[in-house]
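Per-entry structural report
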Amino acid sequence: MKTFRSSSMSRFTRIPTALSNLLVIERQRLGDERGFFSRFFCTEELADFGIGRIAQINHTMTQAKGAIRGMHFQRPPDDEAKFVSCLAGAVFDVAVDLRPQSSTYLRWHGEVLSAENARSMMIPPSFAHGFQTLTENCELIYLHDKPYAPGAEGGVNALDPRISIAWPLPVAQMSERDRNFPML
Ligand SMILES: Cc1cn([C@H]2C[C@H](O)[C@@H](COP(=O)(O)OP(=O)(O)O[C@H]3O[C@@H](C)C(=O)[C@@H](O)[C@H]3O)O2)c(=O)[nH]c1=O
């Protein structure tokens, strides 16, 4: 059994999805009368799950319920793994498999991430990522293993009928850039 320097037990539960290497990670909470303690990320433990180093941490807030951000990716060699978590509110978080050789090419997986459920998505390189807010004032934290590379940015349209993501709410808001991503 693998041991970890700081603790003999993992603080993360790995939940596989139907898309290979795309994982849902549940961050365990150690609760007491004050609230809880929770390890948010661990390079050593999560290296096995797909992210070995953190190049940047980004934070977003989305005010409107029903807003969509995405679906974004960076092209090789800047394609990145992301560890996405929701620290306020709740979102329907979605990853689309863009690996041409994959048996699940263009399939998507959606997962509710919320401040309450302490779930994160571990998104491998060559997936597009986006989300729809299920509440107002949603705050997300992204850990990336590669730096931001504006010239390498790409997107697929969140409303592309070929991908057919089942967004749970009517679309309340999208950026102009996201609305203009081409359909496949
Ligand atoms: C993504 C990014 C944007 N920016 C700048 C560009 C722009 O002026 C402003 C807003 O950028 P965007 O409209 O692309 O922000 P946003 O739509 O929130 O982009 C994010 O969407 C989700 C779904 C993801 O998966 C993230 O990786 C990221 O792509 O922030 C950075 O400086 N660094 C970054 O890493």
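Residues numbered from 1 in each chain as written. Predicted model: local features only at pLDDT ≥ 70, side-chain atom pairs only at ≥ 80, totals over all residues. Heavy atoms only, no water.

Counted residue by residue, strand S6 (residues 68-74) has five buried out of seven residues, so it is predominantly covered. Where S6 meets strand S11 (residues 127-133), three bridges bridge the pair, whose relative direction is antiparallel. When the sheet's bridge partners are listed, His-72 is paired in S11 with His-129. Bridge count for S6 against strand S13 (residues 153-155) is three bridges, and the pairing is antiparallel. Considered in S13, the bridge of His-72 is made with Gly-155. (Buried < 20%, exposed > 50% of the residue type's maximum accessible area, 1.4 Å probe, protein only. Helix = DSSP H or I, 4+ residues; strand = E, 2+ residues; numbered from the N terminus. Pairing = 2+ DSSP bridges.)

Moving on, we get to the site of the ligand. Taken together, the residues surrounding the ligand are Gln-56, Asn-58, Thr-60, Arg-69, His-72, Lys-82, His-129, Gly-130, Tyr-142, His-144, Tyr-148 and Arg-177. Contacts to the ligand include Asn-58, whose side-chain N or O atom sits 3.4 Å from an oxygen atom. His-72 has a polar side-chain atom sitting 2.8 Å from an oxygen atom of the ligand. Protein coverage of the free-state accessible area of the ligand, which is 650 Å², stands at 64%. For the ligand, the cavity whose grid points lie within 2 Å of the majority of its atoms is the largest pocket. Elements represented by at least two residues in the shell around the ligand include exactly strand S5 (56-62), S6, S11 and strand S12 (138-144). Sorting elements by how many residues they give to the shell around the ligand places S5 first, with three residues. By residue class, the composition of the shell around the ligand is two nonpolar, seven polar and three charged. (Near = heavy atom within 4 Å. Polar contact = N/O pair within 3.5 Å; in protein donor to acceptor, adjacent residues only side chain to side chain. Areas by Shrake-Rupley, 256 points an atom, 1.4 Å probe, with all protein chains shown as cover. 1 Å grid on protein atoms, 1.4 Å probe; cavity = no way out; pocket = protein on both sides within 12 Å on 5 of 7 lines; lining within 4 Å. Sits in = over half its atoms within 2 Å of the grid points. Nonpolar A, V, L, I, M, F, W, Y, C, P; charged D, E, K, R; others polar.)

Another aspect to go through is the packing of aromatic side chains. Considering all chains together, one arrives at four aromatic pairs under this definition. Ring centres 6.3 Å apart and planes at 80 degrees place the aromatic pair Phe-92 and Trp-167 in the edge-to-face group. Pair noted here: Phe-92 is in strand S8 (residues 90-97) and Trp-167 is in the loop between S13 and helix H2 (176-179), with a separation of 75 residues, a long-range link. Just above the ring of Phe-36 sits the side chain of Arg-29; from NZ or CZ to the centre is 4.1 Å. (Phe/Tyr/Trp six-rings, centres within 6.5 Å; stacked < 30°, edge-to-face > 60°. Lys NZ or Arg CZ within 6 Å of the ring centre and 35° of its normal.)

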